[in-house]
Amino acid sequence: LSFTQDVLVYKSPGLHPGDVRKVQCVKPTAEIERRYLKGVNPQTCGAILFSTVGDRSIADMIANSDFDGDTFLVIHDDALVAAFRQQHPPLVGTPESEKRP
């Protein structure tokens, strides 16, 4: 995986078409590397950092996830990413199928 490329991010169980998001993978800034990633090997760490800037975090847009250890799938296959078209906005709230009576 190289930095500065589009990838698809998904978390199971995704119940809404908007739970797959196309995002841009970028290299962390020197400040982030120095403050938070000191000694971390990016080739083996198995972590993803989402921006929290904006009305809603990317994690929240994907199956209403949060930052408590959720596991995400990152797809960086060029053909799949290029073919993907974001046609559905992220779900707001809890899907009807998950609501309890």
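Residues numbered from 1 in each chain as written. Predicted model: local features only at pLDDT ≥ 70, side-chain atom pairs only at ≥ 80, totals over all residues. Heavy atoms only, no water.

Visitor: Sorry, what's going on with the overall build of the protein here?
Guide: A count of helical and extended segments in the protein gives three helices and three strands. Each helix and strand of the protein, ordered N terminal to C terminal, gives the series β-β-α-α-β-α. Looking at the protein as a whole, 22% of its 101 residues qualify as buried. Only carbon and sulfur atoms are counted for the fraction: they give 54% of the accessible area of the protein, which is about 7,500 Å². (Helix = DSSP H or I, 4+ residues; strand = E, 2+ residues; numbered from the N terminus. Buried < 20%, exposed > 50% of the residue type's maximum accessible area, 1.4 Å probe, protein only. Areas by Shrake-Rupley, 256 points an atom, 1.4 Å probe, with all protein chains shown as cover.)

Visitor: Help me understand the confidence of the model for the protein, please; the structure alone is not making it clear to me.
Guide: If pLDDT is low for a region, its predicted coordinates should not be looked at in detail. For the protein, per-residue confidence averages 81 on the pLDDT scale, and 88% of positions sit at 70 or higher. By mean pLDDT, helix H2 (residues 58–61) is the weakest element of the protein at 85, and helix H3 (residues 78–83) is the strongest at 94. Between residues 96–100, whose pLDDT stays under 50, and residues either more than four places distant or in other chains, the model counts three contacts. (pLDDT = per-residue confidence, 0-100. Contact = heavy atoms within 4.5 Å.)

Visitor: Mind showing me how you'd approach the nonpolar core here?
Guide: A general feature of soluble globular proteins is that nonpolar side chains tend to end up buried together. Counting residues in hydrophobic clusters, the biggest one holds eight residues: Val7, Val9, Val23, Cys25, Phe50, Ala59, Ile62 and Phe72. Listing elements by their share of this core, those giving two or more residues are strand E1 (5–10) and strand E2 (21–25). Those residues in contact with Ala59 that lie beyond four places of it in its chain are Phe50, Asn64, Ser65, Asp66, Phe67 and Phe72. (Core = buried A, V, L, I, M, F, W, Y, C linked by side-chain atoms within 4.5 Å.)

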